[in-house]
Structures are given as C-alpha cells and as structure tokens.
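The chain contents come next:
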Amino acid sequence: YDVLVTFNEPTAFRGFMFYAGYSTYFGPRNVEILTSSDGINWTSQTDGIFTTTRVSRLTTPVPFVFYSAVTCQYVKFSVYDCFWSDYGSSYDYPDVAEIEFYQ
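Residues numbered from 1 in each chain as written. Predicted model: local features only at pLDDT ≥ 70, side-chain atom pairs only at ≥ 80, totals over all residues. Heavy atoms only, no water.

Trainee: Which residues make up the overall build of the chain, and what are the values?
Mentor: When helices and strands are tallied, the chain shows 0 helices and 6 strands. Put simply, the chain runs from its N terminus to its C terminus through helices and strands in the order β-β-β-β-β-β. Structurally, the chain occupies a C-alpha span of about 40 × 25 × 25 Å along its principal axes. The proportion of buried residues among the 103 residues of the chain is 42%. The contacts in the chain between residues at least 6 apart in sequence include a share of 78% that link residues at least 24 apart. (Helix = DSSP H or I, 4+ residues; strand = E, 2+ residues; numbered from the N terminus. Buried < 20%, exposed > 50% of the residue type's maximum accessible area, 1.4 Å probe, protein only. Contact = heavy atoms within 4.5 Å.)

Structure, rendered in structure tokens:
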C-alpha cells in the first residue's frame, strides 16, 4: 500500500510522522519512506524496510527524524503490512489516520 504525496515545488523537510487509524493492531508494521525529484527514481530515507513498534494508543505518533533535511517533490510512504497480518491475508489491512511532515 502506498501513499503518494506531491508537493507543488521541491520542498525540504527533516521529519515524517504517522498515526495509526481505527485500531493499533491495524497500524503499519513494516514501512518505507521514499523520496524523488522526478517521480521515477526513488531514494529510501529509511534505508530499506523499517519495522515499527505497535503503539498502545491511536493518539501516539510514530516519528522518523532524518539526519539532515531532504529536498524533493514526491514522497512515497509504502506500508507493507500491519500487526494483525500474522493471522493471514484477510487481516492484512494497514490503516493510517494521518501523516505529517516537519521542516
């Protein structure tokens, strides 16, 4: 599952955060944040797939802080599975309530 964000112009940001939606068990477990200047060539900002920790409350953010600012026009938030996916594909419906970028 991918969430694609397109900025009107190249934009610099230093951090990314998401909140799980509906249920923490459906919160994204394995994710990757990719950036691109052209929408074709992508660079992973998480150094590949990153495994998150299940949060105890839906209001708990899951943050990613980069070593330095990243300037890009496209951001792809790839979600590979959720915490309930261990129970089979019929439970693999990751849910994200909100994403935020920080300059």
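Don't stop here, the text continues.
Trainee: How would you summarise the environment of Tyr 1 if you had to cite specific residues and measurements?
Mentor: Following the sequence through the fold, Tyr 1 ends up in the segment before strand S1 (2-20). Accessibility expressed as a relative area gives 53% for Tyr 1, which makes it exposed. Separated by 30 residues in sequence, Tyr 1 and Val 31 place their C-alpha atoms 9.5 Å apart. With residues near it in sequence (within four places) discarded, Tyr 1 still touches Phe 77, Ser 78, Val 79, Asp 92, Tyr 93 and Pro 94. At 2.9 Å, the side chain of Tyr 1 and the backbone oxygen of Asp 92 are in polar contact. (Polar contact = N/O pair within 3.5 Å; in protein donor to acceptor, adjacent residues only side chain to side chain.)

Trainee: I'd like a description of the side chain of Thr 35, backed by residues and values.
Mentor: As for its placement among the helices and strands, Thr 35 is situated in strand S2 (residues 28-36). Here Thr 35 falls in the buried class, since its relative accessible area comes to 5%. Side-chain polar atoms of Thr 35 contact the side chain of Gln 45, separated by 2.9 Å. Residue contacts for Thr 35: discarding those within four places in its chain leaves Phe 13, Asn 41, Trp 42, Thr 43, Gln 45, Val 70, Cys 72, Tyr 74 and Val 75.

Trainee: Give me the pattern of salt bridges: which residues, what numbers.
Mentor: The final tally for this structure, using the stated rule, is 2 salt bridges. Its salt-bridge partner being Asp 81, residue Arg 29 comes within 3.0 Å of it at the nearest N-O pair. Taken together, the positions of Arg 29 in strand S2 and Asp 81 in strand S5 (residues 62-82) put the pair 52 residues apart, joining distant regions of the chain. Between Arg 29 and Asp 86 there is a salt bridge, with the nearest N and O atoms lying 3.1 Å from each other. Of this pair, Arg 29 sits in strand S2 while Asp 86 sits in the loop between S5 and strand S6 (96-102), and the two are 57 residues apart along the sequence. We classify Asp 86 as exposed; its relative accessible area is 57%. (Salt bridge = Lys/Arg side-chain N within 4 Å of Asp/Glu carboxyl O.)

Trainee: Got a sec to walk through the nonpolar core? Specific residues and values, please.
Mentor: Counting 16 residues, the largest nonpolar core has Phe 16, Ile 33, Phe 64, Phe 66, Val 75 and Phe 77 as its most contacted members. Going through the elements one at a time, S1, S2 and S5 are the ones with two or more residues in this core. No other element matches the 8 residues that S5 contributes to this core. (Core = buried A, V, L, I, M, F, W, Y, C linked by side-chain atoms within 4.5 Å.)

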